[in-house]
Amino acid sequence: MKIFINTWVFENEIKDGISQAKLFNRVKEVGADGIEVRREYFKNLPDELKEINDKRGETKLLVNYSVPDEVFTNDGKINPLLKQYFDEAIKMGITKIKFNLGNFKNYNGSLKEDFKQFPLDKIKMNIENDQTEISGKIANIKYFLQKANQNDVKIGYVYDLGNWAFTNQDADYAANQLAPFVDYIHLKNTIVKNGKLETSNDLNTGKFDWKELLKKLPKVDLALKYPMDNDQELKEQFDLLKDEVR
């Protein structure tokens with residue numbers, strides 16, 4: 001079981017212009033096993049892909065890749081950009097790549113044939129429950145993962161705890177239904193502020209009992225995925241998680 005830091009943690013600094021490659025040493029100092037970089041945070045993609053691969057070699061951190069795009073288009077086709085995303089992942093030396101599901105219900109192709117083009121033997125591909133109706137519903141996710149498994153297509157699942165609040169679904173029920181497919185867990189909690197749902201900056205503050213939910217899920221890699229104010233806060237949150245799972 002490895003612990004990753006998703007670069008959303010450094011949201012404010014990213015907005016101020018820091019590149020994700022500049023965060024590797026700080027993630028290493030916290031004691032994490034890896035870093036999860038986000039595609040939407042790249043400003044100069046060709047240069048940053050190389051920089052991240054260089055920092056991966058220097059720090060020996062594992063690197064995961066979060067891509068905010070869908071596997072299936074609205075008309076049920078395979079997203080033509082997936083090949084590009086995998087090419088980017090290879091250049092960075094990625095361990096896992098994550099997408100949203102998209103409109104699988106309209107897909108009528110061959111999963112086995114269509115996914116042969118991707119290096120699933122080298123990079124673990126996962127889908128995540130997001131905050132949308134189409135890609136965030138338990139039934140849709142489970143149906144796709146079952147079909148992928150039946151067709152011997154090696155795709156796993158990222159259980160994102162906080163997102164269940166935004167889709168008004170039961171996190172415990174989701175854990176029970178999707179546990180057999182879980183390859184990776186995104187940990188964040190959710191609070192209500194001024195009548196609106198927000199992501200908490202403290203794992204222990206919010207509507208979810210993350211410790212109890214982890215007991216329902218397999219022991220897989222985990223990531224902290226919520227904005228924090230400084231490195232001291234990150235260290236405290238990392239130690240909170242580490243003390244629970246190690």
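Shown above is the structure to which this text applies.
What you are looking at is a predicted structure, and each value in this text was computed from that prediction instead of being measured. (Residues numbered from 1 in each chain as written. Predicted model: local features only at pLDDT ≥ 70, side-chain atom pairs only at ≥ 80, totals over all residues. Heavy atoms only, no water.)

Along the backbone of the chain there are 10 helices and 10 strands. Intrachain contacts of the chain at a sequence separation of at least 6 include 76% that bridge at least 24 residues. Only carbon and sulfur atoms are counted for the fraction: they give 44% of the accessible area of the chain, which is about 11400 Å². Measuring between centres, the 38 positive side-chain charges of the chain sit 4 Å from its 40 negative side-chain charges. (Helix = DSSP H or I, 4+ residues; strand = E, 2+ residues; numbered from the N terminus. Contact = heavy atoms within 4.5 Å. Areas by Shrake-Rupley, 256 points an atom, 1.4 Å probe, with all protein chains shown as cover. Lys, Arg positive; Asp, Glu negative; His and termini not counted. Charge placed at Lys NZ, Arg CZ, Asp CG, Glu CD.)

Another aspect to go through is the packing of helix α3 (residues 45-59) against helix α4 (residues 82-92). At a minimum axis distance of 7 Å, the contact between α3 and α4 shows a crossing angle of 40°. Here α4 runs oblique to α3, going by the angle between their axes. Residues L45, L49, I52, N53 and R56 of α3 form the contact with α4, whose participating residues are E88, K91 and M92. In terms of residue class, the contact of α3 with α4 is made up of 4 nonpolar, 1 polar and 3 charged. (Axes fitted to C-alpha atoms, helices over the stretch in contact; angles between N-to-C directions. Parallel < 35°, antiparallel > 145°, perpendicular 65-115°, else oblique. Nonpolar A, V, L, I, M, F, W, Y, C, P; charged D, E, K, R; others polar.)

This next bit is on the sheet that holds strand β1 (residues 3-6). Around the barrel, which closes on itself, the 8 strands sit in the order β1-β2-β3-β4-β5-β6-β7-β10 with parallel pairing between neighbours. If you compare each strand with its neighbour and ignore which way they point, the axes differ by 30° on average. Taken together, the 4 bridges between strand β5 (residues 124-128) and strand β6 (residues 155-160) define a ladder with parallel strand orientation. Bridge pairing in β6 places N126 opposite G156. Against the sheet, α4 touches β2 (34-38), β3 (62-72), β4 (96-102) and β5, its axis set at about 175° to β3. (Pairing = 2+ DSSP bridges.)

Pairs may arise between side chains of opposite charge once their charged atoms sit close together. Scanning the entire structure with this criterion turns up 23 salt bridges. With a shortest N-O distance of 3.0 Å, K225 and D160 are connected by a salt bridge. Highlighted residues: K225 in the loop between β10 (221-224) and α10 (231-245) and D160 in strand β6, separated in sequence by 65 residues. Assessed through its relative accessible area of 6%, K225 is described here as buried. For K235, the salt bridge goes to D239, with nearest N and O atoms at 2.9 Å. With K235 and D239 both in helix α10, this residue pair falls 4 residues apart, about one helical turn. Classification of K235 by relative accessible area gives partly exposed; the value is 29%. Connected via shared salt-bridge partners are K98, E128, D160, K188 and K225. (Salt bridge = Lys/Arg side-chain N within 4 Å of Asp/Glu carboxyl O. Buried < 20%, exposed > 50% of the residue type's maximum accessible area, 1.4 Å probe, protein only.)

Across all of its chains, the model carries 15 aromatic pairs by this definition. Measuring from ring centre to ring centre gives 6.0 Å for Y85 and F99, while their planes differ by 40°; the resulting arrangement is tilted. Taken as a pair, Y85 in helix α4 and F99 in strand β4 lie far apart in primary sequence, 14 residues in all. There is no split in this pair, since Y85 and F99 are both buried. (Phe/Tyr/Trp six-rings, centres within 6.5 Å; stacked < 30°, edge-to-face > 60°.)

Right, let's get into α10. Relative to the 21 Å expected for 15 residues at 1.5 Å per residue, α10 spans 21 Å between its end C-alpha atoms, a close match to the ideal helical length. For α10, the complete set of buried residues consists of E233, L234, Q237, F238 and L241. All buried residues of α10 fall inside an arc of 130° around its axis, so they share one side. Where α10 is buried, its residues meet β1, α2 (24-30), β7 (182-187), α9 (210-215) and β10. Among the residues of α10, the N-terminal cap falls to N230, whose side-chain oxygen and the backbone nitrogen of Q232 are separated by 3.1 Å. (Expected span 1.5 Å × (residues − 1). Arc of directions from axis to C-beta. Polar contact = N/O pair within 3.5 Å; in protein donor to acceptor, adjacent residues only side chain to side chain.)

Where helix α6 (residues 138-150) contacts helix α8 (residues 171-178), the axes come no closer than 10 Å and their chain directions differ by 10°. With respect to α8, the axis of α6 lies roughly parallel. Residues I138, I141 and K142 of α6 lie in contact with α8, whose contacting residues are Y173, A174, Q177 and L178. Residue classes in the contact of α6 with α8 are distributed as 5 nonpolar, 1 polar and 1 charged.

Scope: geometric values only; no functional claims are made or implied.
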